[in-house]
Amino acid sequence: MIRLLNDHRELSILLLTLLLFGGLALLRPEFAGLDSVSLIFKNALILMVVAAGATVVILTRGIDVSLGSILGLSAVSLGLLLQRGLGLEVALPLTLLVGLAAGFLNGLIVTQLQVPPIVATLGTLGIYRGLTLILTQGKWIENLPDNVKRLAQPGLLGLPPVVWLAVVTLVGLALFLRSTAAGRAMYATGDNPAGAELLGIRPRRVQIAAFSLAGLCAAVAGIIFTAQIGFIPSQAGTGIELRAIAASVIGGISLLGGVGTVLGAVLGAFFLTSVDSFLVFLKVPAYWNDMVAGLILLVVLVIDARIRERVMQGLRLERYRRAHEERAQSSLPTVKERQL
């Protein structure tokens, strides 16, 4: 069982989520239905997309703490473009371009200037947040056109367009990482950068691509945020980067790089949002959310470390047993030697 959980890291967070729903069913059965699952899923959309972007960077041994500010900058860009009369067909691609450019700049700073990822993205976090405040002059962007708000209303198969946008983004990213050479290069770069270079992979280009994809995901999250909220606060996206990284780690993505999936990040984001929602259902004051989420993250990491330790211990014992058996077999005399 422990080996299975280690090989399929998403299973552990899935089991924890089911246990969480089981506990809620016992305490407040009226909230443990499909309606609650649907509500939590919609609330988790933004975090899922940002966590997926954070996962791509972590897979290459990087980290991006500027994703929340890229989300805010993208949302503000969308709001300003719409207020200037541009249609959605023009404003949405330009918004995605803003996120892509911000992520690309992060990648350039990390790879070309050799600045550690956390330091580089801490710097750009301030730059992007400052740029957002300059553009909005510290004010909220309101009175957005109705067409952007309709993106959060039911559409094809009863699902809002922003849900389809999130699903397409997450599935596309998962397929990219799993089924393309460029995606596998990201795993190889995170697992062993020197070895990846020997295989012909250029780690710097891979890292730039990873940061760019993360910026693009943050821009998608900014579009979802704008459609769901209907207005844009000047502090949009503040703090979500840390929750996204936490969701990725809870979902089994290794901070050492090379291990993890988009599915794990999505499940981690759903789990964290479920915790927040359950606290609301149980009428726990909102200021407990961060502390409870932090405690859960700590417990999950400790359990994960114990599982890894048990698995490694089991693998060492298995290797020792095989080596002992091979040594014993080689020391036995053959039939011919006995006859002599």
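Predicted, not measured: the structure shown is a model, and the values here were computed from it.

## What to know about the overall build of the protein
Part 1 of the reasoning: Within the protein one finds 15 helices and zero strands.
Part 2 of the reasoning: With respect to the three principal axes, the spread of C-alpha positions in the protein is 100 × 55 × 35 Å.
Part 3 of the reasoning: Looking at the 340 residues of the protein, the share that counts as buried comes to 44%.
Part 4 of the reasoning: For the protein, the share of sequence-separated contacts (at least 6 apart) that also reach a separation of at least 24 residues comes to 77%.

## Brief notes about the packing of aromatic side chains
Part 1 of the reasoning: Tallying each qualifying case throughout the model produces three aromatic pairs.
Part 2 of the reasoning: For the pair Trp140 and Phe231, a centre-to-centre distance of 5.0 Å together with 5° between the ring planes defines the contact as stacked. Remark: Phe231 occurs in the loop between α11 (203-229) and α12 (240-250) and Trp140 occurs in the loop between α6 (117-136) and α7 (146-149); sequence separation between them is 91 residues.

## A look at the packing of helix α3 (residues 34-59) against α11
Part 1 of the reasoning: Running from N to C, α3 and α11 cross one another at 170°; their axes reach a closest spacing of 7 Å. Considering the angle they form, α3 stands roughly antiparallel to α11. Contact with α3, carried on its side by Lys42, Leu45, Ile46, Val49, Val50, Gly53, Val56 and Val57, involves Ala210, Phe211, Leu213, Ala214, Cys217, Val220, Ala221, Ile224, Phe225 and Gln228 of α11 and no other residues of that element.
Part 2 of the reasoning: Residues belonging to the contact of α3 with α11 are distributed by class as follows: 15 nonpolar, two polar and one charged.

## Regarding the pattern of salt bridges
Part 1 of the reasoning: This structure, assessed with the given rule, holds one salt bridge.
Part 2 of the reasoning: Linking Asp276 and Arg243 is a salt bridge whose minimum nitrogen-to-oxygen distance equals 2.7 Å. Of this pair, Asp276 sits in helix α13 (residues 262-281) while Arg243 sits in helix α12; the two residues are 33 residues apart in sequence, bridging distant segments of the chain.
Part 3 of the reasoning: With a relative accessible area of 17%, Asp276 lands in the buried category.

## Some points on the packing of helix α4 (residues 67-83) against helix α5 (residues 88-112)
Part 1 of the reasoning: Between α4 and α5, the least distance of the axes is 9 Å, while the angle of their chain directions is 150°. Here α5 runs roughly antiparallel to α4, going by the angle between their axes. Crossing handedness for the pair α4 and α5: right-handed. Taken together, the residues of α5 that come into contact with α4 (itself represented by Ile70, Leu73, Ser74, Ser77, Leu78, Leu81 and Leu82) are Leu88, Ala91, Leu92, Leu94, Thr95, Val98, Gly99, Ala102, Gly103 and Asn106.

## What to know about the nonpolar core
Part 1 of the reasoning: Ile46, Val50 and Ile224 are the most contacted members of the largest nonpolar core, which has 87 residues in total.
Part 2 of the reasoning: When neighbours within four sequence positions are excluded, Ile46 is seen to be in contact with Leu71, Ala221, Ile224, Phe225, Gln228 and Ile240.

## What to know about the environment of Ile223
Part 1 of the reasoning: Relative to the helices and strands, Ile223 is located in helix α11.
Part 2 of the reasoning: Classification of Ile223 by relative accessible area gives buried; the value is 4%.
Part 3 of the reasoning: Spatially, the C-alpha atom of Ile223 lies 29 Å from that of Ala185, the residues being 38 residues apart in sequence.
Part 4 of the reasoning: Those residues in contact with Ile223 that sit more than four places away from it in its chain are Leu78, Leu92, Thr95, Leu96 and Leu165.

## What about α13?
What sets the pattern is the α-helix's 3.6 residues per turn: residues three or four places apart point alike.
Part 1 of the reasoning: Compared with an ideal rise of 1.5 Å per residue, which puts 20 residues at 28 Å, α13 spans 28 Å between its outermost C-alpha atoms and is within 8% of the ideal.
Part 2 of the reasoning: Most of α13 is tucked away, with 18 of its 20 residues classed as buried.
Part 3 of the reasoning: Among the residues trailing α13, Lys283 stands out with phi positive, at a value near 60°.

## Quick notes on unusual backbone geometry
Part 1 of the reasoning: Its identity is not glycine, yet Arg61 carries a phi of approximately 70°, on the positive side.
Part 2 of the reasoning: Note on placement: Arg61 falls in the loop between α3 and α4.
Part 3 of the reasoning: Positive phi, close to 55°, is recorded for Gln137, a residue that is not glycine.
Part 4 of the reasoning: Mapped onto the elements of the fold, Gln137 is located in the loop between α6 and α7.
Part 5 of the reasoning: Here Gln137 falls in the exposed class, since its relative accessible area comes to 62%.

## Some details on a nonpolar patch on the surface
Part 1 of the reasoning: A surface patch of nonpolar side chains, about 360 Å² in accessible area, is lined by Leu86, Val90, Leu94, Leu97 and Leu100.
Part 2 of the reasoning: On the secondary structure map, Leu100 appears in helix α5.
Part 3 of the reasoning: A relative accessible area of 32% means that Leu100 is categorised as partly exposed.

## As for the environment of Gly23
Part 1 of the reasoning: Summarising the element assignment, Gly23 is placed in helix α2 (residues 9-27).
Part 2 of the reasoning: The partly exposed category is assigned to Gly23, whose relative accessible area is 28%.
Part 3 of the reasoning: Between the C-alpha atoms of Gly23 and Val168, which are 145 residues apart in sequence, the distance is 32 Å.

## Focus on α5
Part 1 of the reasoning: Here α5 is 25 residues long and its end C-alpha atoms lie 35 Å apart, about the 36 Å a rise of 1.5 Å per residue gives.
Part 2 of the reasoning: Turning to α5, the residues buried within the fold contact α4, α6, α7 and α11.
Part 3 of the reasoning: Backbone geometry just after α5 places Gln114 at a positive phi near 55°.

Cut-offs used in this document
All residue numbers here refer to positions counted from 1 along the written sequence of the relevant chain. Totals for whole chains, interfaces and linings use every residue, but because this is a predicted model, local features are given only for residues with pLDDT of at least 70 and side-chain atom pairs only at 80 or more, for both listing and counting. Heavy atoms from the whole structure form the basis of all side-chain values; hydrogens and water molecules are not counted. In DSSP terms, a helix is any run of H or I states spanning at least four residues, a strand is any run of E spanning at least two, and both are numbered starting from the N terminus. Relative accessible area decides the class of each residue, using a 1.4 Å probe on protein chains only: under 20% of the type maximum gives buried, over 50% gives exposed, and in between gives partly exposed. Any two residues having at least one pair of non-hydrogen atoms within 4.5 Å are treated as being in contact. Stacked, edge-to-face and tilted labels apply to pairs of Phe, Tyr and Trp rings (six-membered ring for Trp) whose centres lie within 6.5 Å, assigned for plane angles under 30 degrees, over 60, and everything in between, in that order. All axes are obtained by fitting lines to C-alpha atoms, using only the stretch in contact for helices, and the reported angles, taken between N-to-C directions, cover 0 to 180 degrees. Any angle between 65 and 115 degrees counts as roughly perpendicular, while under 35 counts as roughly parallel, over 145 as roughly antiparallel, and the rest as oblique. Here the nonpolar group is Ala, Val, Leu, Ile, Met, Phe, Trp, Tyr, Cys and Pro; Asp, Glu, Lys and Arg are the charged ones; every other residue, Gly included, is treated as polar. By definition, a salt bridge exists where a carboxyl oxygen of Asp or Glu is found within 4 Å of a side-chain nitrogen of Lys or Arg. Crossing handedness: left-handed means the near helix sits turned counterclockwise from the far one by under a right angle, and right-handed means the same turn made clockwise. In this description, a nonpolar core means a group of buried Ala, Val, Leu, Ile, Met, Phe, Trp, Tyr and Cys residues linked to one another through side-chain atoms lying within 4.5 Å. Take the residue count of a helix, subtract one, and multiply by 1.5 Å to get its expected span. Patch construction takes residues with relative accessible area above 30% that form no salt bridge. Like charges are linked within 9 Å, and nonpolar side chains (Val, Leu, Ile, Met, Phe, Trp, Tyr) are linked within 5 Å. We get accessible surface area from the Shrake-Rupley algorithm with a probe of 1.4 Å; when it comes to residues, only the shown protein chains can shield them.

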